[in-house]
Amino acid sequence: METGREGSGAAIRDGIPGREDRSYEVIRILPRQLRDKLRYGIPDFGRLQELRFRVGEPLGAVYEGKNLWVNWSGSLSCGLDEPILVTREMIREMLEYISGYSLYAFEEEIRQGFITIPGGHRIGLAGKVAMEDGAVKTIRHISFLNIRLSHQVFGCAKKLLPFLYCNGRIENTLLISSPRFGKTTLLRDLIRLVSDGNAYGEGVNTGVVDERGELAACFQGIPQNDLGRRTDVLDGCLKAQGITMLLRSMAPSVIAVDELATAEDIRTMEFAMNSGCTFLATAHGGSLEEIRRKPLFCSMMEAGLFQRIGVLGMNRIGDEVRERKGDKFRGGNRDEDRNSEENRDRDGGRNRDENRVRNRGILIYDSSFQEMTEGYVWY
């Protein structure tokens, strides 16, 4: 059982659990008058995705993918039943807590439009933008805050492994989905499993270019999310530059990036592939056909750069969808990780997190666009 690594930055801070109880880090930045209301009113912080503060408007929340309002009892509802109205004083108080009463020290983060806090949660900022020489200088009169809660779901990628490995080696893999379908969450867990090793392959040195800070969620350089023991992270670095830097300095066997977005990203990735490096990546798209039609991706797809392409599908509704799929329901292999006993100790009983996310499906195709999974794999 490893305790030193998690205790050395993310897990314990001033006696407060980090990775194990991330809700505390969100509650502590809320206005004092709202802390107990939300702590006891929201049924399960593990299912809360966003809290949206807009001056003069009701406090909004995204809970299990649903847009809801927060009322003065702290509970969530679809209707505006005694909603909490956000005030400028609430925003000012939260900014003091977020910045440790030193907002000026976060000028670079403010220019980028977000601040990451302990636990990996990201606070989006909006207000009056001041420009200088065609670039954002700062954001003044901040009147809008979006707290995006960081959730790491351990084991959610485990059922995909038998389709993604070949002869003990992870294949170049692209995960495709529309927003909010969980491709970043899935990629994060896949990185961890590849780095630590699993039933289908030994652990390998893995590099992550975390341009937007959503994979590792680093705070002061230390990943708040567990990306594995053999993983190195470049936080806040452009993907194309980061890929080159990792190749030159860290000798990764696998590189992971979230949301391929430019031609330079793809050119640099192809160069690294030709150098023997395997890639795990994501892209925005509603279907395989949509990605193949996009000018940015069509040549990459036709060239077969990715041996495995995963398309995330719709939510499962109770047992209805599962039964309708019939014999097309696939669960993959239930083999434990090669170091399963050790991983169970590390995870500290996180099986409830694995069960929480398994209401989504994924179809996996090979490089010739032939379906490998014979229907959705639910995870």
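Our structure is the block above this text.
Not measured: the values here are computed from a predicted model.

### Points about the overall build of the protein
So, point 1. Along the protein, the regular secondary structure elements total 14 helices and 23 strands.
So, point 2. Restricting to contacts in the protein with at least 6 residues of sequence separation, those with at least 24 account for 66%.
So, point 3. Approximately 17,600 Å² of the protein is accessible, and the part contributed by carbon and sulfur atoms is 47%.

### Let's talk about unusual backbone geometry
So, point 1. Although it is not a glycine, Asp133 adopts a positive phi angle of roughly 55°.
So, point 2. Along the polypeptide, Asp133 turns up in the loop between β8 (122–132) and β9 (135–148).
So, point 3. When its relative accessible area of 81% is taken as the criterion, Asp133 is described as exposed.

### What about the pattern of salt bridges?
So, point 1. Enumeration over the complete set of coordinates arrives at 20 salt bridges.
So, point 2. One salt bridge in this structure joins Arg212 and Glu214, with 3.3 Å as the shortest N-O distance.
So, point 3. By relative accessible area, Arg212 is classed as partly exposed at 26%.
So, point 4. Using a relative accessible area of 14% as the deciding quantity, one classes Glu214 as buried.

### So, the environment of Thr184
So, point 1. Checked against the element boundaries, Thr184 lands in helix α7 (residues 183–196).
So, point 2. For Thr184, a relative accessible area of 14% puts it in the buried group.
So, point 3. As for Thr184 and Glu214, which are separated by 30 residues in sequence, their C-alpha atoms are 7.6 Å apart.
So, point 4. Excluding residues that lie within four positions of it along the chain, Thr184 makes contacts with Glu214, Leu215 and Asp258.
So, point 5. In this structure the side chain of Thr184 is engaged in a polar contact, spanning 2.9 Å, whose partner is the side chain of Asp258.

### Some points on the nonpolar core
So, point 1. Among the nonpolar cores identified, the biggest contains 36 residues, and Leu38, Leu51, Phe53, Leu145 and Ile147 are the most heavily contacted of them.
So, point 2. Top element by residues in this core is helix α4 (residues 88–99). It accounts for six residues.
So, point 3. Sequence-distant contacts of Leu145, that is, excluding residues within four places in its chain, are made with Leu51, Arg52, Phe53, Ile91, Met94, Leu95, Ile123, Gly124 and Leu125.

### What about the packing of aromatic side chains?
So, point 1. Overall, the coordinates contain three aromatic pairs when judged by the stated rule.
So, point 2. Ring centres of Tyr97 and Tyr101 lie 6.3 Å apart, and the angle between their planes is 85°; on these two criteria the pair is classed as edge-to-face.
So, point 3. Exposure remark for Tyr97: the relative accessible area of 13% places this residue in the buried category.
So, point 4. Just above the ring of Tyr97 sits the side chain of Arg35; from NZ or CZ to the centre is 4.9 Å.
So, point 5. The ring of Phe369 is capped by Arg292, whose NZ or CZ atom sits 3.8 Å from the centre of that ring.

### A short note on the sheet that holds β8
So, point 1. One open sheet holds the seven strands; their spatial order is β6-β5-β4-β3-β9-β8-β7, and the pairing between them is antiparallel. If you trace the sheet from one side to the other, it starts and ends with β6 (76–77) and β7 (114–116), each paired once.
So, point 2. Examined bridge by bridge, strand β3 (residues 48–54) and strand β4 (residues 60–63) share four bridges and lie antiparallel to one another. Within β4, the position partnered with Leu48 by the bridge is Tyr63.
So, point 3. Contacting β3, β7, β8 and β9, α4 runs over the sheet at an angle of about 100° to β9.

### Concerning the packing of helix α9 (residues 263–274) against helix α11 (residues 295–302)
So, point 1. One can describe the packing of α9 onto α11 by two numbers: an axis separation of 10 Å at closest approach and a directional angle of 20°. Between α9 and α11, the angle is such that the two are roughly parallel. Every pair of crossing elements has a handedness; the one defined by α9 and α11 is right-handed. Side by side, α9 and α11 meet where Ala263, Ile266 and Met269 of the first sit next to Leu296, Phe297 and Met300 of the second.

### Looking at the pairing of strand β5 (residues 66–70)
Side-chain direction in a regular strand flips from residue to residue, so the side chains alternate between the two faces of the sheet.
So, point 1. Two elements, β4 and β5, share four bridges in a ladder whose sense is antiparallel. When the sheet's bridge partners are listed, Gly60 is paired in β5 with Trp69.
So, point 2. Counting the residues between successive antiparallel strands, the hairpin from β4 to β5 contains two residues, one of them, Glu64, with a positive phi of roughly 50°.
So, point 3. Here β5 folds back onto β6, and the loop between the two strands holds five residues, one of which, Gly74, carries a positive phi near 90°.

### Structural notes on α9
So, point 1. Taking 1.5 Å per residue as the helical rise, α9 with its twelve residues ought to reach 16 Å, and the 17 Å between its terminal C-alpha atoms agrees with that figure.
So, point 2. Listed in full, the buried residues belonging to α9 are Asp265, Ile266, Thr268, Met269, Ala272 and Met273. Buried positions in α9, seen along its axis, are confined to an arc of 165° and lie on one side of it. For α9, the exposed residues set more than 90 degrees away from the buried face come down to Arg267, Phe271 and Asn274.
So, point 3. Elements in contact with the buried residues of α9: α8 (239–249), β20 (278–284) and α11.
So, point 4. Immediately beyond the C-terminal end of α9, within one or two residues, lies Gly276, with a positive phi of roughly 95°.

Calculation criteria
- Residues numbered from 1 in each chain as written.
- Predicted model: local features only at pLDDT ≥ 70, side-chain atom pairs only at ≥ 80, totals over all residues.
- Heavy atoms only, no water.
- Helix = DSSP H or I, 4+ residues; strand = E, 2+ residues; numbered from the N terminus.
- Contact = heavy atoms within 4.5 Å.
- Areas by Shrake-Rupley, 256 points an atom, 1.4 Å probe, with all protein chains shown as cover.
- Buried < 20%, exposed > 50% of the residue type's maximum accessible area, 1.4 Å probe, protein only.
- Salt bridge = Lys/Arg side-chain N within 4 Å of Asp/Glu carboxyl O.
- Polar contact = N/O pair within 3.5 Å; in protein donor to acceptor, adjacent residues only side chain to side chain.
- Core = buried A, V, L, I, M, F, W, Y, C linked by side-chain atoms within 4.5 Å.
- Phe/Tyr/Trp six-rings, centres within 6.5 Å; stacked < 30°, edge-to-face > 60°.
- Lys NZ or Arg CZ within 6 Å of the ring centre and 35° of its normal.
- Pairing = 2+ DSSP bridges.
- Axes fitted to C-alpha atoms, helices over the stretch in contact; angles between N-to-C directions.
- Parallel < 35°, antiparallel > 145°, perpendicular 65-115°, else oblique.
- Left-handed = near helix turned anticlockwise from the far one by under 90°.
- Expected span 1.5 Å × (residues − 1).
- Arc of directions from axis to C-beta.

Just distances and angles here, no functional claims.
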